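Tertiary structure, described
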Number of protein chains: 2
Amino acid sequence: MVRHRLMTPGPTPIPEAARLEMAKTLEHHRTPGFRRLLAEVLEGLKYVFDTTSDIAVLSSSGTGAMETCVASVVPRGGKAIVLDSGKFAERWADICEAYGIKVVRYEEPWGKSFEADEVARLLAEHADAAAVYATLSETSTGVGHDIEGIGRAVAASGALFAVDGISGVGAMECHMDDWGIDLLAVGSQKALMSPPGLAFVAVSEAAWQRIESIERQAFYFDLAAYRKALAGPDTPWTPSRPLLSALAASLRQIREESIENVWRRTATLARATRAGVAALGMELVAERPSEALTAAFLPDGVDAKAFLARLEGRFGVKLAGGQGPFSGKIIRIAHMGQIDELDILSTLSAIELVLAEMGQSVKLGSGVAAAGSVLLEEE
Amino acid sequence: MVRHRLMTPGPTPIPEAARLEMAKTLEHHRTPGFRRLLAEVLEGLKYVFDTTSDIAVLSSSGTGAMETCVASVVPRGGKAIVLDSGKFAERWADICEAYGIKVVRYEEPWGKSFEADEVARLLAEHADAAAVYATLSETSTGVGHDIEGIGRAVAASGALFAVDGISGVGAMECHMDDWGIDLLAVGSQKALMSPPGLAFVAVSEAAWQRIESIERQAFYFDLAAYRKALAGPDTPWTPSRPLLSALAASLRQIREESIENVWRRTATLARATRAGVAALGMELVAERPSEALTAAFLPDGVDAKAFLARLEGRFGVKLAGGQGPFSGKIIRIAHMGQIDELDILSTLSAIELVLAEMGQSVKLGSGVAAAGSVLLEEE
């Protein structure tokens, strides 16, 4: 008997109240009741994103939200700057290329972060860039980028600033309006503790002006259609009401705790996790770590696939492995959403035991002790 | 105390077994367990669509599936023939236009159906048309189009045949392979008795050849990405596992009954509904009715908005009203999925009572009697 424990940086565990919402009898979506539900969800999302902007609610994965931020604002043949140091940052470039957009890459090795000054320099060199695409929390490397600083650099230019906040928003501070973000893409299945299948794009006034000035290049992901429907508020295409009901329940939980408390708690869990893996001799991947997840290199000689399989088979703990150049080399542990202190401590004890089983010299309890010390300090 | 009764042509009621699947603890989607779930869903969908073709499972509404059938197969500047006689048929043309595709319209007034011979004539006149876009069951008018006949006309040309089967497939006969359909778009929330949020595109070998020959025009809806992932089987972007688990439960129910029995049962309910509304003096909208829903004109002088509100407020029966030119003039009643005989009879009795309340001379019981007679004959 092994209980399943989802500790991956998306999807994350869903609160019971949200799961039970989905089991209810389905009601139609072109009704006053649905408009009340959508209005509540929009208020909750604005609170979490710290914005007064309009928010488009999409039935899609986060990738659909990213595509929306490209297709609606940069015309074919236009130019975009992409800050690329990870799998999801690369996706910005891939999407741009699918739309015939010229991509200027600011590349850093996976695990590294970006300098706002270099973004400013690139914007000066490419004054015709229509948008800058960046990532708040790069899920493939566990890096938390300096969106506030980069935002200041972009604000001084004529470009729009689009941020992939899919795994970061709700886990770490992100002030859309104050940081000058024009397009913020977020997914349901990370820090928002909701089922996969919904994604969100918050849109600044400057972005709306751009959207209205360019020719439509897509249909389902055309933001103009969402803006028209938001007057209801409504969605232009059939929404997934069960997923929205679940999201509303999770957002209620966030508001009850307050987003500042969620950020603080998540940051503490992040510090505890980093201390725990460091005590076990594992090096962090990120030079500037995200609060949403911790990515760490396994000790030399430990086969990642066997390690993760053993962790899941013996203890039910599901972690994520590495992608791209980090495939087979790293593990990724989530500490966002409803993941709590004991989830982190028990995950660390499982990691200790499996490392010991695999012949590593590990002092049992050392990872847990290091993490526990952080939790005591924060008390 | 009024119990809610969802009788709209999408979304439709979801079986309890499917709803309860969504309440379960979430598991990750990059796992052997997920691949087994997806494999089961794909088998179930192939069974319902009567095809051996590959099927792409999208996290989107049905509109996303339609866009996929356009963006992946007709290049910008190419030409498409759209069979247009309703709100959803028009959507084919709108999507084509968003992609810069030249649209040749075969237009008929709403409620009318198409002649295969005229499609053949148009194909001869426009030999450069890359695709023909048609609709199996036009949800806005309740028309069931002659997809088999039109398919024969298209098969004699070099064009691909794309069909919107969103509200039709699973409710009425549709043999993708035998009817020469190259791209079949289907949604989860109609006859498949599942929550909104999933959509499907089944793709013939001829369509795959076309897809591989043209340049990518979209990202999330690019079929080539789905084909690559299907080797898993997997999805290219994060899928909504709770929605897929619900769909698997509903598909199991369809297989248990057998799709032939589902078609037969649905056709009987359709005949009973048509007999019922006719006995109440209401004229059918469709010259060639769909088996999925019945659209009927309200008697002169009956305000549709007041009628539908009364039906829902007093009896909990949620029907759909009219769209476009039929706004305020018609009602639409679903008889697909898990809607059963007593749902139809009770809906008809509610209609009778509300018509009587609104001053119409209605013989109470006459609609129910006419429908009941059909059910007796079919026994």
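From a predicted model like this one, the values you see are computed outputs, not experimental measurements.

1. Comments concerning the domain arrangement of chain A
All names here are of chain A. Here chain A is partitioned into domain 1 (5-10 + 259-378) and domain 2 (16-256). Between the C-alpha centres of domain 1 and domain 2 there is a distance of 28 Å. Between domain 1 and domain 2, the residue contacts involve 25 residues of the former and 26 residues of the latter. Elements that contribute at least two residues to the side of domain 1 that touches domain 2 include exactly helix H10 (259-279) and strand S11 (293-297). No other element matches the 4 residues that H10 contributes to the side of domain 1 that touches domain 2. In the side of domain 1 that touches domain 2, the residues fall into 13 nonpolar, 8 polar and 4 charged.

2. Notes on the environment of Gln253 of chain B
Relative to the helices and strands, Gln253 of chain B resides in helix H9 (residues 241-257). Taking the C-alpha atoms as reference, Gln253 of chain B lies 9.3 Å from Ala17 of chain B; in sequence the two are 236 residues apart.

3. Comments concerning the sheet that holds strand S4 (residues 102-107) of chain B
All names here are of chain B. Within the open sheet, the 7 strands sit side by side as S2-S10-S9-S8-S5-S3-S4. Their pairing is mixed. Each edge of the sheet is formed by a strand with only one pairing partner; in this case those strands are strand S2 (54-59) and S4. Taken pair by pair, the neighbouring strands of this sheet meet at an average axis angle of 20 degrees, ignoring direction. Pairing analysis gives 5 bridges linking strand S9 (residues 183-187) to strand S10 (residues 198-203), with the strands arranged antiparallel. Directly across from Gly187, in S10, lies its bridge partner Ala199. On the sheet, helix H4 (residues 87-98) packs against strand S3 (79-84), S4, strand S5 (129-135) and strand S8 (160-164) and is oriented at approximately 160 degrees with respect to S3.

4. Observations concerning the interface of chain A and chain B
The partner chain B presents 41 residues to the 41 residues of chain A that form the contact. When residues of the side of chain A that touches chain B are traced back to their parent elements, those giving at least two are helix H1 (16-23), helix H3 (62-71), helix H4 (87-98) and helix H9 (241-257) of chain A. The residue inventory of the side of chain A that touches chain B, partitioned by class, reads 19 nonpolar, 14 polar and 8 charged.

5. Description of the pairing of S4 of chain B
Across 6 bridges, the pairing between S3 of chain B and S4 of chain B is parallel. Bridge assignment links Lys79 of chain B to a residue of S4 of chain B, and that residue is Lys102 of chain B.

6. Description of the packing of helix H5 (residues 116-125) of chain A against helix H6 (residues 147-155) of chain A
Residue and element names in this part refer to chain A. Contact geometry for H5 and H6: axes closest at 8 Å, N-to-C directions at 20 degrees. The angle between the axes of H5 and H6 places the two elements in the roughly parallel class. Remark: the crossing between H5 and H6 carries right-handed chirality. On H6, the residues that touch Ala116, Val119, Ala120 and Leu123 of H5 are Gly149, Ile150, Arg152, Ala153 and Val154. Classifying every residue of the contact of H5 with H6 gives 7 nonpolar, 1 polar and 1 charged.

7. Points about helix H2 (residues 32-49) of chain A
Residue and element names in this part refer to chain A. Over its 18 residues, H2 runs 25 Å from end to end, which matches the ideal 26 Å to within 8%, given 1.5 Å per residue. Burial in H2 covers these residues: Phe34, Leu37, Leu38, Val41, Gly44, Leu45, Val48 and Phe49. Taken down its axis, H2 places every buried residue within 125 degrees of arc, on the same side. Along H2, exposed side chains directed more than 90 degrees from the buried face belong to Pro32, Arg36 and Ala39. Of the surrounding secondary structure, the elements contacted by the buried residues of H2 are strand S2 (54-59), strand S9 (183-187), strand S10 (198-203), H9 and H10.

8. A few points about the relation of the copies chain A and chain B
For these two chains of identical sequence, chain A goes onto chain B by a turn of 180 degrees and a shift of 0.0 Å along the axis, with RMSD 0.0 Å. Both copies of the chain, as the preceding transformation shows, are related through a two-fold rotation axis.

9. Here's the deal with the sheet that holds S10 of chain A
All names here are of chain A. Pairing is mixed in the open sheet, where 7 strands are placed in the order S2-S10-S9-S8-S5-S3-S4. Two strands lie at the open edges of the sheet, namely S2 and strand S4 (102-107), each paired on one side alone. Here the average twist between neighbouring strands, direction ignored, is 20 degrees. Sheet strands in contact with H5 are strand S3 (79-84), S4 and strand S5 (129-135), and its direction is about 155 degrees off that of S4.

Criteria and thresholds
- Residues numbered from 1 in each chain as written.
- Chains lettered and ligands numbered in written order.
- Predicted model: local features only at pLDDT ≥ 70, side-chain atom pairs only at ≥ 80, totals over all residues.
- Domains from an automatic or database assignment.
- Contact = placed C-beta atoms within 7 Å.
- Helix = DSSP H or I, 4+ residues; strand = E, 2+ residues; numbered from the N terminus.
- Nonpolar A, V, L, I, M, F, W, Y, C, P; charged D, E, K, R; others polar.
- Pairing = 2+ DSSP bridges.
- Axes fitted to C-alpha atoms, helices over the stretch in contact; angles between N-to-C directions.
- Parallel < 35°, antiparallel > 145°, perpendicular 65-115°, else oblique.
- Left-handed = near helix turned anticlockwise from the far one by under 90°.
- Expected span 1.5 Å × (residues − 1).
- Buried ≥ 20, exposed ≤ 12 C-beta atoms within 10 Å, placed from the backbone.
- Arc of directions from axis to C-beta.
- Least-squares fit on C-alpha atoms with pLDDT ≥ 70 in both.

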